[in-house]
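Notes for the structure review
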Amino acid sequence: MSTPAEPVRLNKRMAELGLCSRREADFWIEQGWVKVNGQVAAMGVKVTPADRVEVDKQAQGHQAQQVTILLHKPVGYVSGQAEDGHEPAVALIHPRSHWREDPSPQRFSPPQLRGLAPAGRLDIDSVGLLVLTQDGRVARQLIGEDSGIEKEYLVRVSCIHQGTERTTDVQAVFPREQLARLRHGLSLDGQRLKPARVDWQNPEQLRFVLTEGKKRQIRRMCEQVGLKVVGLKRIRIGRVMLGNLPQGQWRYLGAHERF
């Protein structure tokens, strides 16, 4: 006989069911929008898979108003909290930097900044697609423990060849076996990295497709095989492309776009 499942906190169960994030669940429970077995749930209550969890339509309405924003992050901004005097990327989200060609009918309003947080990181020296969201479901999809969403980068590199830094036709002098190590064979922080797709786009630029996102992962991978990253740009997350979005500007994730 199988043993009954251990009870877990209601907010964790709601996140596992894909209803919302834990933080959102706590807010909904506070508002009285969640019932367990027909009774309004108390904060901190524990449930098993046998318990019936229901969510009020008001919670769904609250969720529908939450925005997800795509930003073309420039160099010099940090993804999350301000640090070392550098501004966070969220400081770029205001009406003046909203891309004029955004096809979304949504209009900017200050409540959209409340709880708007980056779903993943892009370090200070890197540019490209950064996702900021109020929606816990999006955050979970992109950075949850079981996320396998692809992220694609264009990476300009140089290497030391015969004692000098080589910035042109790096491909010609870079050993093929080292390219194979970039694809699968490296470890960071004592953990083997998942397989990556790595190919030359042109003689000075590699294309990386990763399904994980360790801190400064691509730069550290390149260091291990004798390459130096000169420029790094993220151009895709899942099915969502950076496209023509200008640097320093942002747009809304469209109603029909899915990562």
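Here the structure is a predicted model, which is why all the values come from computation and not from measurement. (Residues numbered from 1 in each chain as written. Predicted model: local features only at pLDDT ≥ 70, side-chain atom pairs only at ≥ 80, totals over all residues. Heavy atoms only, no water.)

Some thoughts on the sheet that holds strand β2 (residues 34-36)
Put simply, the test is: For two strands to be treated as a pair, DSSP must find at least two bridges joining them. Strands are runs of DSSP state E lasting at least two residues, helices are runs of H or I lasting at least four, and both sets are numbered from the N terminus onward.
Read from one edge of the open sheet, three strands run β3-β2-β5, paired in antiparallel fashion. Two strands lie at the open edges of the sheet, namely β3 (39-40) and β5 (53-55), each paired on one side alone. By the bridge criterion, three bridges tie β2 to β5 in an arrangement that is antiparallel. Its bridge partner lying in β5, Val 36 is registered against Val 53.

A closer look at the pattern of salt bridges
Using the following cut-off: A side-chain nitrogen of Lys or Arg and a carboxyl oxygen of Asp or Glu constitute a salt bridge if their distance falls within 4 Å. Burial status follows relative accessibility: with a 1.4 Å probe on protein chains alone, a residue under 20% of its type maximum counts as buried, one over 50% as exposed, and anything between as partly exposed.
What the rule picks out here adds up to 15 salt bridges. Between Asp 123 and Arg 219 there is a salt bridge; the shortest N-O distance is 3.2 Å. Of this pair, Asp 123 sits in the loop between β7 (117-118) and β8 (127-133) while Arg 219 sits in helix α7 (residues 217-224); the two residues are 96 residues apart in sequence, bridging distant segments of the chain. The class for Asp 123 is buried, based on a relative accessible area of 18%. A relative accessible area of 12% places Arg 219 in the buried class. In this structure, Glu 257 engages Arg 251 in a salt bridge whose closest nitrogen and oxygen atoms are separated by 2.9 Å. The buried category is assigned to Arg 251, whose relative accessible area is 9%. Salt bridges sharing common partners tie together Glu 150, Glu 152, Arg 183, Arg 197, Asp 199, Arg 207 and Arg 236.

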